[in-house]
Every structure is written in C-alpha cells, then in structure tokens.
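Coordinates in review
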Amino acid sequence: MKRVQTCFISFMLYSFLGWCYEVFLEVAVYRWGFSNRGVLFGPYCVVYGFGALLLMFSLNWLKARRIRAGTVNITPVLVFLGIVAVTTFVELAASYIMEFTRGEWMWDYTRFAFNFQGRIALNPSLRFGVGGMVILYFLQPLFEKGAGKMPDRVRTAVFAVLAAILAADIFFLMI
C-alpha cells in the first residue's frame, strides 16, 4: 500500500507541476492571460501526472543502466529520446481521448514546424524531453528521498486528502 500511496502522491505532484508549467506558458511566455489549463476544476493537469508515472515505470530501468559508445556514457541521451517518444505518444493519445470525450483538445500546434494535425509537434516534444529529464534525474529522486522519511500516518493522510480532492473534482465534473 505504501508504494501505491507514494505513486499517487507523485501523480498529483506532477499533475500540479504540469498545471503550473501550462499556466506559466500561457501567462508569462505567450501573454494570453490566465485560464485553468486542466480538464478538471483544480490546479492540476492529470495528463502530466500520467505522463510522469509512465516515464518512471517505462524508463527507470534504462536510466539505471550504463550504456557506452566507446568511452562515452550515452544512457542520458537514450533516456532523453525515450522521454520524447513516451511524452509525444501520451500527448497524441490525450488529444484523441479529449476529442472523443469533449469534441476538442486543449492545444493547437499548427503554428509549430514539424507538427501532426496540430496535436503534437517537435518543439513541445523536445521541451517535454527536457522536463522529463528534470523529473527522472532530479525531482523524483528528491521526492523519493523525502517520501522515504515521511511517517506512514502522514503519507496515508496526504494520500487520503489528495484522493478525496481528486474524486470530488471528477464527481463534480461529471454532474
């Protein structure tokens, strides 16, 4: 149960950080003004949470290996390419799921070069690659270190509160 709780807290953490990233882009970079960038009411984009967990589950084995080309360790390059592939797939799948369930998806990459139907593009995929590297090599190890020191009762309480918030959010979205 400890592993499930920790994974869920990670999911919520990265969903929140993804929401912050989206709002930052919208307000500070593109200067479009603030809007809630998630499909739910709360300050989180669950696609980032799912993406981060998928990165951890699918690429941690590669990150742990030391693959060399001659004397150069190319593991980080392979991890980066893996992150770009996984996050691009997640974004493409999310666009189709949103279109099926909502009639539209929340972004349009037609202004970017090397885009596919405005759903995915090289530029955002490379940015997600950089973000994924930050998650896998910096944030997640830091989170796991902190979570390892968290008392069971505190972790369980944080899990319960976050699960209740997300469940309520989903419930209110559906009514």
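Below is a short write-up of the structure. (Residues numbered from 1 in each chain as written. Predicted model: local features only at pLDDT ≥ 70, side-chain atom pairs only at ≥ 80, totals over all residues. Heavy atoms only, no water.)

This part takes up the side chain of Arg 155. Relative to the assigned elements, Arg 155 resides in helix H5 (residues 152-174). Filtering out sequence-adjacent residues up to four positions away, Arg 155 remains in contact with Lys 2, Gln 5, Thr 6, Ile 9 and Met 150. (Helix = DSSP H or I, 4+ residues; strand = E, 2+ residues; numbered from the N terminus. Contact = heavy atoms within 4.5 Å.)

Let us now look at helix H3 (residues 75-102). Compared with the 40 Å implied by 1.5 Å per residue over 28 residues, the 39 Å span of H3 between its first and last C-alpha is a close match. Following H3 by one or two positions, Gly 103 has its phi on the positive side, about 90 degrees. (Expected span 1.5 Å × (residues − 1).)

Taken as a whole and judged by the stated rule, the model has two salt bridges. The salt bridge partner of Arg 119 is Glu 99, with a shortest N-O separation of 2.5 Å. Linking Arg 119 in the loop between strand S3 (115-116) and strand S4 (120-121) with Glu 99 in helix H3, this pair joins segments that are 20 residues apart in sequence. With its nearest N and O atoms 3.0 Å apart, the salt bridge here joins Arg 155 to Asp 152. One end of the pair, Arg 155, and the other, Asp 152, are both in helix H5, three residues apart, so they sit about a helical turn from each other. Of the residues examined, Arg 155 reaches a relative accessible area of 4% and is grouped as buried. (Salt bridge = Lys/Arg side-chain N within 4 Å of Asp/Glu carboxyl O. Buried < 20%, exposed > 50% of the residue type's maximum accessible area, 1.4 Å probe, protein only.)

This brings us to the environment of Trp 32. Here Trp 32 lies in the loop between helix H1 (2-29) and helix H2 (46-64). When the C-alpha atoms of Trp 32 and Val 72 are compared, they prove to be 43 Å apart, with 40 residues separating the residues in sequence. Discounting chain neighbours no more than four positions away, the residues touching Trp 32 are Glu 26 and Arg 111.

So, about unusual backbone geometry. A positive phi is found at Phe 114, a non-glycine position, where the angle reads about 55 degrees. Locating Phe 114 in the fold gives a position in the loop between H3 and S3. Of note, the phi angle at Gln 117 is positive, near 55 degrees, even though the residue is not glycine. The residue Gln 117 is located in the loop between S3 and S4 in this model.

So, about the nonpolar core. Formed by 26 residues in total, the largest nonpolar core has its most connected members in Phe 11, Ile 83, Leu 136 and Leu 166. Within the residue set of this core, elements represented by two or more residues are H1, H2, H3, helix H4 (122-149) and H5. Ranked by the residues each element gives to this core, the list is headed by H2, at seven residues. Every residue in contact with Leu 166, bar those within four places of it in the chain, is listed here: Phe 8, Phe 11, Met 12, Leu 40, Tyr 44 and Val 46. Counting 11 residues, the second-largest nonpolar core is a separate cluster that includes Tyr 48, Tyr 109, Phe 112 and Phe 128. (Core = buried A, V, L, I, M, F, W, Y, C linked by side-chain atoms within 4.5 Å.)

The next thing to look at is a nonpolar patch on the surface. Nonpolar side chains collect at one region of the surface, where Phe 41, Ile 170, Phe 171, Phe 172, Leu 173, Met 174 and Ile 175 lie side by side and expose about 800 Å² of accessible area between them. If you trace the backbone, Ile 170 turns up in helix H5. Using a relative accessible area of 36% as the deciding quantity, one classes Ile 170 as partly exposed. (Patch = residues over 30% accessible without salt bridge, like charges linked within 9 Å, V, L, I, M, F, W, Y side chains within 5 Å. Areas by Shrake-Rupley, 256 points an atom, 1.4 Å probe, with all protein chains shown as cover.)

In this structure, the largest pocket spans a volume of roughly 1200 Å³. Forming the walls of the largest pocket are 50 residues, and the residues nearest its centre are Glu 22, Cys 45, Val 47, Tyr 48 and Phe 128. A total of 10 residues in the lining of the largest pocket trace back to one element, the largest contributor, which is H3. Residue composition of the lining of the largest pocket, grouped by class: 35 nonpolar, seven polar and eight charged. (1 Å grid on protein atoms, 1.4 Å probe; cavity = no way out; pocket = protein on both sides within 12 Å on 5 of 7 lines; lining within 4 Å. Points joined across faces, edges and corners; volume = space filled by probe spheres on them. Nonpolar A, V, L, I, M, F, W, Y, C, P; charged D, E, K, R; others polar.)

This part covers the packing of aromatic side chains. Tallied over the full model, the rule gives eight aromatic pairs. Each ring, one from Tyr 21 and one from Tyr 48, has its centre 6.2 Å from the other, and the planes form 70 degrees; the classification is edge-to-face. With a gap of 27 residues between them, Tyr 21 in helix H1 and Tyr 48 in helix H2 connect regions that are remote in the sequence. For Tyr 21, a relative accessible area of 26% puts it in the partly exposed group. By relative accessible area, which is 17% here, Tyr 48 ends up buried. (Phe/Tyr/Trp six-rings, centres within 6.5 Å; stacked < 30°, edge-to-face > 60°.)

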